[in-house]
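# Residue-level structure breakdown
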Amino acid sequence: MGALNASVTVYCLIVGLGFLGLWRWYDRRDNRRFEREKRKISFHCGRCGRLYASRGSADVSDCPACGHRNARLRF
């Protein structure tokens, strides 16, 4: 009876650690995706009025619709 209890305990620990490992891996993956999306910079075109976003840290960007150069929006 003691060997059965030890086997069940070890099995439960392995399964629990597996679930914790998967949870941590998916959490880190989703956090990296969110951080990448959050780093977009917003622009408003002064010529055509279009709102658009750009990745990176540029202070100016060309409008994808009309090509006008615009400064980033600051909130």
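Above this note sits the structure.
The structure displayed is predicted, hence computed values, not measured ones.

## Concerning a positive patch on the surface
There is a patch of like positive charges on the surface, built from Arg24, Arg28, Arg32, Arg33 and Arg36. Turning to its location among the elements, Arg28 is positioned in helix 1 (residues 2-38).

## Here we look at the state of the cysteines
What we call a disulfide is simply a covalent bond connecting the sulfur atoms of a pair of cysteines. A complete count under the given rule lists 0 disulfides for this structure. Left without a disulfide partner, Cys63 is nearest to the cysteine sulfur of Cys48, which lies 3.7 Å away.

## Side note on the environment of Cys66
With respect to the helices and strands, the residue Cys66 is situated in the loop between strand 3 (60-62) and strand 4 (69-71). Its relative accessible area of 29% is what places Cys66 among the partly exposed residues. For the pair formed by Cys66 and Arg50, sequence separation is 16 residues and the distance between their alpha carbons is 9.2 Å. When near neighbours in sequence (up to four residues on either side) are disregarded, Cys66 contacts Cys45, Arg47 and Cys48.

Rules behind the numbers
- Residues numbered from 1 in each chain as written.
- Predicted model: local features only at pLDDT ≥ 70, side-chain atom pairs only at ≥ 80, totals over all residues.
- Heavy atoms only, no water.
- Patch = residues over 30% accessible without salt bridge, like charges linked within 9 Å, V, L, I, M, F, W, Y side chains within 5 Å.
- Areas by Shrake-Rupley, 256 points an atom, 1.4 Å probe, with all protein chains shown as cover.
- Salt bridge = Lys/Arg side-chain N within 4 Å of Asp/Glu carboxyl O.
- Lys, Arg positive; Asp, Glu negative; His and termini not counted.
- Charge placed at Lys NZ, Arg CZ, Asp CG, Glu CD.
- Helix = DSSP H or I, 4+ residues; strand = E, 2+ residues; numbered from the N terminus.
- Disulfide = S-S within 2.5 Å.
- Buried < 20%, exposed > 50% of the residue type's maximum accessible area, 1.4 Å probe, protein only.
- Contact = heavy atoms within 4.5 Å.

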